[in-house]
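Spelled out from the first residue to the last, the chains are:
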Amino acid sequence: MSLKALDYESLNENVKNCQYAVRGELYLRASELQKEGKKIIFTNVGNPHALGQKPLTFPRQVVALCQAPFLLDNPNVGMIFPADAIARAKHYLSLTSGGLGAYSDSRGLPGVRKEVAEFIERRDGYPSDPELIFLTDGASKGVMQILNCIIRDQKDGILVPVPQYPLYSATISLLGGTLVPYYLEETDNWGLDVNNLRQSVAQARSQGITVRAMVIINPGNPTGQCLSEANLREILRFCCDESLVLLGDEVYQQNIYQDEHPFISSKKVLMDMGAPISKEVQLISFHTVSKGYWGECGQRGGYFEMTNIPPRTAEEIYKVASIALSPNVSAQIFMGLMVSPPKPGDISYDQFVRERYVSTLNIHALMKDQDLRTSMENFINSKGILESLRRRARIMTDGFNSCKNVVCNFTEGAMYSFPQIKLPSKAIQAAKQAGKVPDVFYCLKLLEATGISTVPGSGFGQKEGVFHLRTTILPAEEEMPEIMGSFKKFNDEFMSQYGDNFGYSRM
Ligand SMILES: Cc1ncc(COP(=O)(O)O)c(C=O)c1O
């Protein structure tokens, strides 16, 4: 019998070749162990609500009313929903052509795209055109749409940072293109050296690859660094010289933990540079509702903004977006709300701000005593999700750096910690014998011993012979000391089991 199209042997090879470590072997094993009753701490995916972060009330009220518009006709609606949430729900419903059950324009609702453009203008101080903004089902879909337009065949190369978030490696292999790596410098706080970029491009060209675009992830995943303005200028100049499209993945722009290294958008730096560069470089910038203090990963809302893209190309991108008819409409409303949250003077403003700042600690479960609870709430309310993440980033970095054969840069932004694990050669041999990549071997042992589910550095790419793991910094703050304690205990035992047969020096 001849093979059928969906028999494994005859599948599209690009599908078989593509790898996605964030939900790979480690994740599958963690899920198995969980089914067997083991307590698993899932630190493999940046999925804040799965780790206890509570949704913000205002956006959920607005979307609830949009989902159930008949509530708006109920005379008691004002007793359950604040007037500004009711007004916003009516506003968003008026932007749709039949509520949340109707497809929208394939680029997203024009009214929400206008709100996104206004947000970008406020952020960067430069005009933004709603016609050049597309709403997408999460940033991932936008990245896939754009890479699909860029990659023509195997000879087309995309510069991708190493380590990188595997959306890029996976999509490039799915589309049959070539990933051209450029290495971030761990000893320089994961900085980006433009000379490395030049070398990467030259090497790719010598192999007949046409390098067409460059990806930056700022703030970095898994590396957590924020690119400086000077670095962004160099990158933009490089893209201009080499005629590369810059894909700016800026989904972590609200997750910043070090005041000296603020987030600066690629669009702002490009515009600041003035002509001719500001008119030359083709830039696509991505954002999402999944990260920041919203963390609404399950809603699947995102956008991309195009700068210096010719109208005929924008038309083609629109045509391709039209094949999928419409992005998820409730996610578009989440995006609208994220870029235009309650303002001072609005009824929901105080609560919104308080929630934005409330930590993910489950204080009600912890504190039964009313007075204690009130004072604890007051204390915690003066802090924030972002403040708490900053503290968690510090606890993790310090915890890792206190462990034998582990070194870790501070998480300046995003949601991850990416320690380097200096594996003894006996451990590397044991991994080989077990048929595992060394960092997968280490992470599996960590999982079995402690229930901490991480992602091995090899899933993101790393220099030859250097090993890492990635964890999120999302577990609840009060659980952090215990998690880091059990990591340290495991690591001590691992290192003494496999011996310290190399000179260890801190970076
Ligand atoms: C760097 C980066 N880009 C994009 C995404 C995807 O975000 P979304 O949920 O909007 O698809 C993620 C998710 O973790 C990410 O880390």
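The rules behind each value
Residues numbered from 1 in each chain as written. Predicted model: local features only at pLDDT ≥ 70, side-chain atom pairs only at ≥ 80, totals over all residues. Pairing = 2+ DSSP bridges. Helix = DSSP H or I, 4+ residues; strand = E, 2+ residues; numbered from the N terminus. Near = placed C-beta within 6 Å. Nonpolar A, V, L, I, M, F, W, Y, C, P; charged D, E, K, R; others polar. Domains from an automatic or database assignment. Contact = placed C-beta atoms within 7 Å. Buried ≥ 20, exposed ≤ 12 C-beta atoms within 10 Å, placed from the backbone. Right-handed = clockwise from strand over helix to strand, strands pointing away. Axes fitted to C-alpha atoms, helices over the stretch in contact; angles between N-to-C directions. Expected span 1.5 Å × (residues − 1). Left-handed = near helix turned anticlockwise from the far one by under 90°. Parallel < 35°, antiparallel > 145°, perpendicular 65-115°, else oblique. pLDDT = per-residue confidence, 0-100.

K.L.:
Can you tell me about the sheet that holds strand β13 (residues 455-456), naming the residues and giving the values?
P.N.:
Reading across the sheet, the three strands line up as β10-β14-β13 and stay open at both edges, with antiparallel pairing between neighbours. With partners counted over all chains shown, the strands left at the sheet margins are β10 (416-417) and β13, one partner each. Bridge analysis of β13 against strand β14 (residues 469-472) gives two bridges, and the strand direction is antiparallel. Among the inter-strand pairings, V455 is bridged to a residue of β14, identified as R470.

K.L.:
How would you explain the site of the ligand if you had to name every residue and give the values?
P.N.:
Neighbouring residues of the ligand: 14 residues in total, closest G138, A139, S140, T288 and S290. Per element, the largest residue contribution to the shell around the ligand is three residues, and it comes from helix α7 (residues 138-150). Looking at the shell around the ligand residue by residue, the class counts come to six nonpolar, seven polar and one charged.

K.L.:
Help me get a handle on the domain arrangement of the protein, residues and values and all.
P.N.:
Per the domain assignment, the segments of the protein are domain 1 (8-52 + 390-498), domain 2 (103-339) and domain 3 (349-381). With centres defined by C-alpha atoms, the gap from domain 1 to domain 2 works out at 27 Å. In this complex, domain 1 contributes 31 residues to the contact, which on the side of domain 2 involves 34 residues. Of all the secondary-structure elements, those providing two or more residues to the side of domain 1 that touches domain 2 are α1 (13-17) and α18 (385-401). Top contributing element to the side of domain 1 that touches domain 2 by residue count: α1, with three residues.

K.L.:
How would you sum up the pairing of strand β5 (residues 210-217)? Please name residues and give values.
P.N.:
Of all eight residues in β5, seven are buried, a share of seventy percent or more. Of the pairings in the sheet, the one linking strand β3 (residues 156-162) to β5 comprises four bridges and is parallel in character. When the sheet's bridge partners are listed, D156 is paired in β5 with T210. Where β5 lies against strand β6 (residues 245-249), five bridges are found, and the strand directions are parallel. Its bridge partner lying in β6, I217 is registered against D249. Handedness of the β5-helix α10 (residues 229-242)-β6 crossover: right-handed.

K.L.:
Explain the sheet that holds β3 to me, using residue names and the numbers behind them.
P.N.:
Spatially, β2-β8-β7-β6-β5-β3-β4 is the arrangement adopted by the seven strands of the open sheet, whose pairing is mixed. In this open sheet, the two edge strands, each paired with only one partner strand, are β2 (133-136) and β4 (178-183). Going from strand to strand, the sheet's axes swing by 20 degrees on average, the running direction of each strand aside. As paired strands, β6 and strand β7 (residues 283-288) are joined by four bridges and run parallel to one another. Across the sheet, residue L247 finds its bridge partner in β7, namely I284.

K.L.:
So what's going on with helix α6 (residues 110-124)? Residues and values would help.
P.N.:
Under the 1.5 Å per step criterion, the end-to-end length of α6 is 21 Å for 15 residues, consistent within 8% with the ideal 21 Å. By the burial criterion, the buried members of α6 are V112, R113, E115, V116, A117, F119 and I120. Where α6 is buried, its residues meet α5 (83-95), β2, α11 (266-273), β8 (302-307) and α14 (329-339). Phi for G125, located one or two positions after α6, is positive at around 75 degrees.

K.L.:
Report on the packing of helix α3 (residues 57-67) against α14, specifying residues and quantitative values.
P.N.:
At a closest axis distance of 10 Å, the pairing of α3 and α14 adopts a crossing angle of 145 degrees. Between α3 and α14 the crossing geometry is right-handed. In this structure, α3 contributes P59, V62, V63, C66 and Q67 to the contact, and α14 contributes S330, I333, F334 and L337. Split into classes, the residues belonging to the contact of α3 with α14 amount to seven nonpolar, two polar and no charged.

K.L.:
Mind laying out the packing of α3 against α5, listing which residues take part and the relevant values?
P.N.:
Running from N to C, α3 and α5 cross one another at 50 degrees; their axes reach a closest spacing of 8 Å. Taken together, the axis directions place α3 and α5 in an arrangement best described as oblique. You can see that α3 and α5 cross each other, and the crossing is right-handed. Of the residues in α5, those touching α3 at F58, Q61, V62, L65 and C66 are A85, I86, R88, A89, Y92 and L93. Taken together, the residues of the contact of α3 with α5 sort by class into nine nonpolar, one polar and one charged.

K.L.:
Any details on the environment of S340? Residues and values, ideally.
P.N.:
Along the chain, S340 turns up in the loop between α14 and α15 (349-357). As a C-alpha pair, S340 and V112 span 228 residues in sequence and 9.6 Å in three-dimensional space. Contact partners of S340, with chain neighbours within four places excluded, come to E115 and F119.

K.L.:
Can you break down the environment of V180 residue by residue, with the values?
P.N.:
Within the secondary structure, V180 is located in strand β4. For the pair formed by V180 and N308, sequence separation is 128 residues and the distance between their alpha carbons is 24 Å. Those residues in contact with V180, other than ones at most four positions away along the chain, are G157, I158, L159, V160, S200, A204, I209 and V211.

K.L.:
Explain the environment of S417 to me, and be specific about the residues and the numbers.
P.N.:
As for its position among the elements, S417 is in strand β10. For S417, a count of 27 C-beta atoms within 10 Å corresponds to the buried category. Between the C-alpha atoms of S417 and T43, which are 374 residues apart in sequence, the distance is 10.0 Å. If we ignore the near neighbours within four places in the chain, the residues touching S417 are A393, M396, T397, F400, C408, T411, T471 and I473.

K.L.:
Before we move on, could you go through the pairing of β7 and cite the residues and values that matter?
P.N.:
Most of β7 is tucked away, with six of its six residues classed as buried. The two faces of β7 match: L283, S285 and H287 on one face and I284, F286 and T288 on the other face are all buried.

K.L.:
How would you explain the confidence of the model for the protein if you had to name every residue and give the values?
P.N.:
On average, the protein scores 89 in pLDDT, and the residues at 70 or more come to 93%. Contacts for the low-pLDDT stretch residues 359-369, under 50 throughout, to residues beyond four places or in other chains number 23 contacts. Contacts for the low-pLDDT stretch residues 503-507, under 50 throughout, to residues beyond four places or in other chains number six contacts.

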